[in-house]
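Chain by chain, the residues run as shown.
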Amino acid sequence: MPLTLLQRVAKKEPEAMRECVARFGGLVWSLARRAGLTESECEDVSQEIFSELWSVCSRYDPDVAGETAFVATIARRRIIDRQRRLGAQRGMIAGAAAQAQANGYEGAPPSKPGEVAEEATKAMKAFTLLSSDQQRVLRMSVELGLTHELIAKSTGMPLGTVKTHARRGLMKLRELLGEDEPDSSEVNR
Amino acid sequence: MKMDPSIDRLEELWADRATGGEDAADVAEARQLRRRLGVSDDLNCMDFAAGQLGAGFTHELGLEAMPAHLERSIMARVPVRATRSMKLVPWLITAAAASIAIVLTLKQPGLSAEPFADQGQFVRASWADWDSPEVAGVRGEVAWCEDAQSGYMLFTGLPVNDPSKDRYHLWIFDSRGMSQRISGGVFDSDGGEVKVPIHPGIRVCGAQAFAITIERPEGVWVSDMSRRVSIAQLASK
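On a predicted model such as this, the values are computed, not experimentally measured, just so you know.

**Q** Report on the overall build of chain A, specifying residues and quantitative values.
**A** A count of helical and extended segments in chain A gives nine helices and zero strands. Sorting the 189 residues of chain A into buried and exposed places 51% on the buried side. Taken as a whole, chain A presents about 9,000 Å² of accessible surface, with 49% of it coming from carbon and sulfur.

**Q** Would you mind going over the overall build of chain B in detail, with residue names and values included?
**A** Along chain B, the regular secondary structure elements total four helices and nine strands. Listing the helices and strands of chain B from first to last along the sequence gives α-α-α-α-β-β-β-β-β-β-β-β-β. Put simply, chain B has 237 residues, and 51% of those count as buried. Accessible area of chain B: about 10,800 Å², with a carbon and sulfur share of 52%.

**Q** Mind laying out the interface of chain B and chain A, listing which residues take part and the relevant values?
**A** Taken together, the 53 residues of chain B in the interface contact 60 residues of chain A. Summed over the three residues of chain B that lose the most area to chain A, namely Gln52, Phe57 and Glu60 of chain B, the buried surface amounts to 13% of that side. For the pair chain B and chain A, the number of links is nine salt bridges. The closest approach of N and O atoms between Lys163 of chain A and Asp16 of chain B, which form a salt bridge, is 3.7 Å. Connecting chain B to chain A are 16 residue pairs in polar contact (both at pLDDT 80 or more).

**Q** Quick rundown of the packing of aromatic side chains? Include the residues and the values.
**A** Using the criterion set out here, one finds seven aromatic pairs over all chains in the structure. Geometrically, the ring pair formed by Phe127 of chain A and Phe57 of chain B is edge-to-face, given 5.1 Å between the ring centres and 90° between the ring planes. Linking Phe127 of chain A in helix α6 (residues 118-127) with Phe57 of chain B in helix α3 (residues 45-60), this pair reaches from one chain into another. Residue classification places Phe57 of chain B among the buried positions, given a relative accessible area of 0%.

**Q** Pulling in residues and values, what's your account of the sheet that holds strand β6 (residues 182-187) of chain B?
**A** Here we have five strands laid out as an open sheet, ordered β2-β9-β8-β5-β6 (chain B), and antiparallel in their pairing. Strand pairing shows two members of the sheet lacking a second neighbour, β2 (128-129) and β6 of chain B, which therefore form its edges.

**Q** Which residues make up the confidence of the model for chain A, and what are the values?
**A** Residue and element names in this part refer to chain A. Looking at chain A, pLDDT values average 79 and 78% of them are 70 or higher. Contacts for the low-pLDDT stretch residues 100-116, under 50 throughout, to residues beyond four places or in other chains number 26 contacts. A low-confidence stretch, residues 185-189 (pLDDT under 50), is modelled with 13 contacts involving residues beyond four sequence positions or located in other chains.

**Q** So what's going on with the environment of Ile7 of chain B? Residues and values would help.
**A** Residues and elements named next belong to chain B. Examined against the element boundaries, Ile7 turns out to sit in helix α1 (residues 5-18). Its relative accessible area of 30% is what places Ile7 among the partly exposed residues. Between the C-alpha atom of Ile7 and that of Val39, which follows or precedes it by 32 residues, the distance is 9.8 Å.

**Q** For the pattern of salt bridges, give the residues involved together with the corresponding values.
**A** Following the criterion strictly, the structure yields 29 salt bridges over all chains and no others. Taking the shortest distance from any N to any O, the salt bridge between Glu48 of chain A and Arg78 of chain A comes out at 3.2 Å. A residue pair is termed long-range when its members are at least 10 positions apart, and Glu48 of chain A in helix α3 (residues 39-56) and Arg78 of chain A in helix α4 (residues 67-86) qualify at 30 residues. Classification of Arg78 of chain A as partly exposed rests on a relative accessible area of 24%. Sharing partners across several salt bridges, the network here consists of Lys163 and Arg167 of chain A together with Arg9, Glu12, Asp16, Asp26 and Glu29 of chain B.

**Q** Which residues make up the packing of helix α2 (residues 14-33) of chain A against α3 of chain B, and what values do they have?
**A** For the pair α2 of chain A and α3 of chain B, interaxial distance at closest approach is 10 Å and the crossing angle is 90°. In terms of orientation, α2 of chain A and α3 of chain B fall into the roughly perpendicular class. Residues Leu27, Ser30 and Leu31 of chain A of α2 of chain A form the contact with α3 of chain B, whose own contacting residues are Gly54, Ala55, Thr58 and His59 of chain B. For the contact of α2 of chain A with α3 of chain B, the residue count by class is three nonpolar, four polar and no charged.

**Q** Explain the sheet that holds strand β7 (residues 194-198) of chain B residue by residue, including any values.
**A** Residue and element names in this part refer to chain B. Read from one edge to the other, the open sheet built from four strands follows the order β1-β3-β4-β7, with strand pairing classed as antiparallel. Every interior strand has two partners, whereas the edge strands, β1 (123-126) and β7, have only one. On average, each strand axis in the sheet is tilted by 15° relative to the strand beside it, whichever way the strands run. Relative to strand β4 (residues 150-156), strand β3 (residues 139-145) runs antiparallel, the two sharing seven bridges. Bridging from a neighbouring strand, Arg139 pairs with Thr156 of β4.

**Q** Help me get a handle on unusual backbone geometry, residues and values and all.
**A** Residues other than glycine seldom take positive phi values, yet Lys12 of chain A does so here, at roughly 65°. Among the secondary structure elements, Lys12 of chain A is positioned in the loop between α1 (5-10) and α2. Exposure remark for Lys12 of chain A: the relative accessible area of 31% places this residue in the partly exposed category. Residue Ser132 of chain B is not a glycine yet carries a positive backbone phi of 45°.

Conventions adopted
- Residues numbered from 1 in each chain as written.
- Chains lettered and ligands numbered in written order.
- Predicted model: local features only at pLDDT ≥ 70, side-chain atom pairs only at ≥ 80, totals over all residues.
- Heavy atoms only, no water.
- Helix = DSSP H or I, 4+ residues; strand = E, 2+ residues; numbered from the N terminus.
- Buried < 20%, exposed > 50% of the residue type's maximum accessible area, 1.4 Å probe, protein only.
- Areas by Shrake-Rupley, 256 points an atom, 1.4 Å probe, with all protein chains shown as cover.
- Contact = heavy atoms within 4.5 Å.
- Buried area = accessible area lost by both parts, 1.4 Å probe.
- Salt bridge = Lys/Arg side-chain N within 4 Å of Asp/Glu carboxyl O.
- Polar contact = N/O pair within 3.5 Å; in protein donor to acceptor, adjacent residues only side chain to side chain.
- Phe/Tyr/Trp six-rings, centres within 6.5 Å; stacked < 30°, edge-to-face > 60°.
- Pairing = 2+ DSSP bridges.
- pLDDT = per-residue confidence, 0-100.
- Axes fitted to C-alpha atoms, helices over the stretch in contact; angles between N-to-C directions.
- Parallel < 35°, antiparallel > 145°, perpendicular 65-115°, else oblique.
- Nonpolar A, V, L, I, M, F, W, Y, C, P; charged D, E, K, R; others polar.

Have a look at this one:
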């Protein structure tokens, strides 16, 4: 069975790293840009992410996660670390919370047409099967990077409720992502 | 058979962490559970679910292309470690004139100039402390062949570094002066005798000095040269 791209990166194949940057550069860059970092910080953190990928790809297991999920997970961790290091979290979160309040975050914005990665599409399909409260909390948490406390303040939900929605929502999502095709009969449990 | 409830609880704590809901008590509880269940604190299923969802949100609003200069920079900086076979990995394929070199770190027993014995065109210089060095007392030599655009650095006394925190960075000064210094890439030291090949990504025109600084793990495009280590002024053999 041929090796996946990240498995080839783990074997330190230079051409694989080139393909990795070409395939995931847009995702990493966009994740950083949407985290409220400056352009210069986005450049720095993107460098860090690919540098880390080069080192940690040996831990990639295709039976546990897809390549997009793996790269996005590494990227999110680095971006969150960067935000904390910069001390920007407070300001950024305050801004994001205000944006969340302004937008209401009652539902997902319409998807744009065009090609999207298979794993991203699958994630969004599974996401729509969660309850509206779970969707709301997970969008504010995962997309905007808000802590549970800030989500509670922003939405008026009790902290325990936010925690429950986030926890159950993510666990359900993980279950759905583990299926070959998310089953729409399981909507909103 | 009933599942250990500790596993469910650990997954809940992982879900909290992946969604920004972890507090100090959760961290302590997760640590205890992991120890009892023999589970590592590595990337876990909840991290991946949140990561994949994050990718989904990002795709949903459309991806921005990574700037081309950044792609080139990443390609030029990701370090490559050679094997003991001394096979040099041709990492830099970029056509960008501004690309920098990758230095392959090779650990060789013994500090000897023997590898260069048949290379008469090499010029050599010894490492000396740079002005106000952060690390003093590093010794060894650099050998450089202008025609071949390659060379080697030999070190003793270069302290071991933690690659996740900082790395050694080579800079080459040529006839264009200090302001046009050329990045020679990053490398690590295990604290022993270290040999590092030099293969600059852009042409060096009349190498005059080689200098070592300490920089961030991913390397830097422009260094303020504030964390100095060693410098070697070249002289013809």
